[in-house]
Each structure stands twice: as C-alpha cells, then as structure tokens.
Amino acid sequence: MNRTQPRKQEELERLLEERTADLQRVKAEYDNYRKRVRRDRMAIRQIAAANVLRALLPVLDAVDRTRKYEPLTPGLKDIAETLETQLGSLGLVSFGEEGDPFDPVRHEAARHHVSPGADSLTCTEILRPGYRVGDRLLRPAFVEVTGPGEPELGTPVRG
C-alpha cells in the first residue's frame, strides 16, 4: 500500500466533514428563514384582519344604537346576527360590562361619578362596548365610572 493512499483518504474524510458541516449550516439557516417567513405572514394576516374588523366597528355601533331605540325588523335582525357571528368567527370579542372594575388600558372614562364610600373605580354604564382580537385591543370601551373622588392634598394615595 502506498503512503499517499492514507493521506488521500484523510483528506477526503476532512473534506467530507467540512461539506457536511456546511450543508448542515445552510439547512439550519433555511429552516430559520422558513419559520421567520411563516411568522411574518401570520403577523401580516393578523394585522390585516384587525384593520378590517376595526373598520367594521362603526357598523356594529349602528346596529347597537338601532337595537337600543327601536325593534329590529326580521331582515335587519338576521343581518345583525349574521354580522356578529361572522365577526366573532374571526376572533372579534366585545367587552365592557356594568360592574367591571375600571381598567384604564381597556376602558375610556367619559364621566366620573363620585361615591365617597367606594374603594375603587367601577364601570357603571357602558356607553360603547370595547373590542379586541386575541390580545390586541381594537378599541377601548367607553364608560361612565363611579368611585372615590380625587384625594385631598396631603392624603396618601392607595395603590
């Protein structure tokens, strides 16, 4: 056996290991790229859906106002129920109930009624419901709140 034969074999094995490592790196980069593209597409899809849902909120407000002041005709009732069902299937969730604790992230206070015996702010009337999709807030609920008045000067604020 020739001395160059083992050297050639070692050289080929080294080259094979290098190419295998290169291929594994390229494959990992490509897998990461595919995951990133998939994640970006999902984010774009969610943003687009949220924008469409946000644009339809005035329609839901009009339906709510109509329900509040007059009975719905059978045709309008069917349209309203279908609209709400379809928007719900896209993940739209309404929130804001009387008695909810006031959360400045989820609620926008239109009026504040002072109740000296109250410990915290509570939503006492929902003027316009809030909406969210998943964790994304589309619109805060527009509410009236009742709770303690402004603290007097020198009074420690409870938190």
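Scoring rules and cut-offs
- Residues numbered from 1 in each chain as written.
- Predicted model: local features only at pLDDT ≥ 70, side-chain atom pairs only at ≥ 80, totals over all residues.
- Heavy atoms only, no water.
- Phe/Tyr/Trp six-rings, centres within 6.5 Å; stacked < 30°, edge-to-face > 60°.
- Lys NZ or Arg CZ within 6 Å of the ring centre and 35° of its normal.
- Core = buried A, V, L, I, M, F, W, Y, C linked by side-chain atoms within 4.5 Å.
- Buried < 20%, exposed > 50% of the residue type's maximum accessible area, 1.4 Å probe, protein only.
- Helix = DSSP H or I, 4+ residues; strand = E, 2+ residues; numbered from the N terminus.
- Contact = heavy atoms within 4.5 Å.
- Salt bridge = Lys/Arg side-chain N within 4 Å of Asp/Glu carboxyl O.
- pLDDT = per-residue confidence, 0-100.
- Expected span 1.5 Å × (residues − 1).
- Pairing = 2+ DSSP bridges.
- Axes fitted to C-alpha atoms, helices over the stretch in contact; angles between N-to-C directions.

By the definition in use, this model includes one aromatic pair. Just above the ring of Phe 95 sits the side chain of Arg 106; from NZ or CZ to the centre is 4.4 Å.

Before going further, it helps to spend a moment on the nonpolar core. Ala 50, Leu 53, Leu 57, Leu 60, Leu 87, Leu 92, Tyr 131, Val 133 and Leu 138 form the largest nonpolar core, which has nine residues in total. A total of four residues in this core trace back to one element, the largest contributor, which is helix α1 (residues 4–69). Among all residues touching Leu 53, those that are not within four sequence positions of it are Leu 87, Leu 90, Leu 92, Val 133 and Leu 138. Judged by nonpolar contacts, the second largest core, of five residues, contains Phe 95, Cys 123, Val 143 and Val 145.

Attention shifts here to the pattern of salt bridges. Enumeration according to the criterion identifies 11 salt bridges in this entry. Among the ionic pairs, Asp 31 bridges to Lys 27, the shortest N-O distance being 2.9 Å. Note that Asp 31 and Lys 27 are positioned in helix α1 at a spacing of four residues, about one turn of the helix. The class for Lys 27 is exposed, based on a relative accessible area of 51%. Within the structure, one salt-bridge network assembled from shared partners comprises Glu 11, Arg 14, Glu 18, Arg 19, Asp 22 and Arg 25.

Before going further, it helps to spend a moment on the confidence of the model for the protein chain. Residues shown with low pLDDT carry predicted positions that ought not to be read at fine detail. Model confidence for the protein chain is summarised by a mean pLDDT of 89, while 92% of its residues fall at 70 or above. Below a pLDDT of 50 lies the segment residues 151–159, which in the model reaches two contacts outside its immediate sequence neighbourhood of four places, other chains included.

With 16 residues, helix α2 (residues 74–89) should cover 22 Å at 1.5 Å per step; its first-to-last C-alpha distance of 22 Å lies within 8% of that length. Immediately downstream of α2, the backbone of Gly 91 shows phi near 100°, a positive value.

Okay, the sheet that holds strand β5 (residues 136–139) next. The sheet built from three strands is open, its strands ordered β1-β4-β5 with antiparallel pairing. Edge positions in the sheet fall to β1 (92–95) and β5, since each has one partner strand and no second. Across the sheet, the axes of successive neighbouring strands diverge by a mean angle of 35°, strand direction being ignored. Inspection of the sheet shows β1 paired to strand β4 (residues 130–133) by four bridges, in the antiparallel sense. Each residue of the ladder has a partner; that of Leu 92, found in β4, is Val 133. The strands touched by α1 are β1, β4 and β5; relative to β5, the strand with the most contacts, the crossing angle is about 40°.

On to the sheet that holds strand β6 (residues 141–147). Two orientations exist for strands paired in a sheet by backbone hydrogen bonds: parallel and antiparallel. Across the sheet, which stays open at both edges, the three strands sit in the order β2-β6-β3 with mixed pairing between neighbours. At either end of the open sheet lies a strand with only one pairing partner, and these are β2 (107–114) and β3 (122–128). Strand-to-strand, the axes of this sheet are offset by a mean angle of 25°, without reference to chain direction. Relative to β6, β2 runs parallel, the two sharing seven bridges. By the bridge assignment, Glu 108 is partnered in β6 with Phe 142.

Attention shifts here to the pairing of β6. Counting buried residues along β6, five of its seven residues qualify, which places the element largely inside the surrounding structure. Of the pairings in the sheet, the one linking β3 to β6 comprises five bridges and is antiparallel in character. Opposite Cys 123, over in β6, you have Val 145 as the bridge partner.

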